[in-house]
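Structure at a glance
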Amino acid sequence: MHRLIYTSKSLIGSNLAELDVIVRQASRLNEAAGLTGMLWADEDRFVQVLEGDHDIVARTVRRIRADPRHEDMEMLCDRSVVQRMFGTWSMVRSNQEPEGTASTAFLVGLVRG
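Residues numbered from 1 in each chain as written. Predicted model: local features only at pLDDT ≥ 70, side-chain atom pairs only at ≥ 80, totals over all residues. Heavy atoms only, no water.

Turning our eyes to something else, we now look at the overall build of the protein. Check the secondary structure of the protein and you find three helices and four strands. Reading the secondary structure of the protein in the N-to-C direction produces β-α-β-β-α-β-α. Residue burial in the protein is summarised as follows: out of 113 residues, 44% are buried. Summing over all exposed atoms, the protein offers an accessible surface of approximately 6300 Å²; the carbon and sulfur share of this is 50%. (Helix = DSSP H or I, 4+ residues; strand = E, 2+ residues; numbered from the N terminus. Buried < 20%, exposed > 50% of the residue type's maximum accessible area, 1.4 Å probe, protein only. Areas by Shrake-Rupley, 256 points an atom, 1.4 Å probe, with all protein chains shown as cover.)

In structure tokens:
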């Protein structure tokens, strides 16, 4: 099991409709690939966690790097783990689910810490 956390500069600003598109696409692709994770975003930054098979995470990150909706991707965590932190979420936007509160605090702490 592999966990990767990255941050990047958002190029969509406060466009919540575009953010919802990102989450829907990621959820569909991640579920098919067996990945779990979470996306946190504000007007300036994205922070995303991806968990799953090492090779699948690596392929997914290559696809994400090429996405024109963000730039300046920086890896915060890239390591093997024993278990998933984000359960069965194929992708969730941090403020959509009650369970996201603790995870959002964790991600924001990583970015601002």
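What follows deals with the environment of T7. As for its placement among the helices and strands, T7 is situated in strand 1 (residues 2-10). A relative accessible area of 5% places T7 in the buried class. With 63 residues separating them in the primary sequence, T7 and H70 have C-alpha atoms 9.7 Å apart. One polar contact links T7 to R45, side chain to side chain, over a distance of 3.1 Å. (Polar contact = N/O pair within 3.5 Å; in protein donor to acceptor, adjacent residues only side chain to side chain.)

Mapped onto the elements, T60 comes out in helix 2 (residues 54-65). Looking at T60, its side chain comes within polar contact range of the main-chain oxygen of I56, at 2.8 Å. Excluding residues within four positions of it along the chain, T60 makes contact with N30, L35 and L50. (Contact = heavy atoms within 4.5 Å.)

A side chain with one charge can pair with a side chain of the opposite charge if their charged atoms come near. Counted according to the given criterion, the structure contains four salt bridges. The residue R69 makes a salt bridge to E18 at a minimum N-O spacing of 2.9 Å. Here E18 lies in helix 1 (residues 16-33) and R69 lies in the loop between helix 2 and strand 4 (70-80), a separation of 51 residues in the sequence. Classification of E18 by relative accessible area gives partly exposed; the value is 24%. Here R69 and D67 are joined by a salt bridge, their closest N and O atoms 2.6 Å apart. You can call R69 buried: its relative accessible area is 17%. Because the salt bridges share partners, they merge into one network encompassing E18, D67 and R69. (Salt bridge = Lys/Arg side-chain N within 4 Å of Asp/Glu carboxyl O.)

For the rest of this paragraph, the subject is the nonpolar core. Grouped together as the largest cluster of nonpolar side chains are nine residues: L4, Y6, L35, L50, I56, V57, V61, I64 and M73. Mapped by element, the contributors of at least two residues to this core are strand 1 and helix 2. With four residues, the single largest contributor to this core is helix 2. In contact with Y6, not counting residues within four places along its chain, are F46, V47, Q48, I64, H70, M73, E74, M75 and L76. By size, the runner-up hydrophobic cluster in this structure holds seven residues, among which are M38, V47, V49 and F86. (Core = buried A, V, L, I, M, F, W, Y, C linked by side-chain atoms within 4.5 Å.)

In a regular helix each residue adds 1.5 Å, so 18 residues correspond to 26 Å; helix 1 covers 25 Å between its end C-alpha atoms and thus fits that length. At its buried positions, helix 1 is contacted by strand 2 (36-41), strand 3 (45-52) and helix 2. The N-cap residue of helix 1 is N15: its side-chain oxygen and the backbone nitrogen of A17 are 3.2 Å apart. Among the residues trailing helix 1, G34 stands out with phi positive, at a value near 80 degrees. (Expected span 1.5 Å × (residues − 1).)

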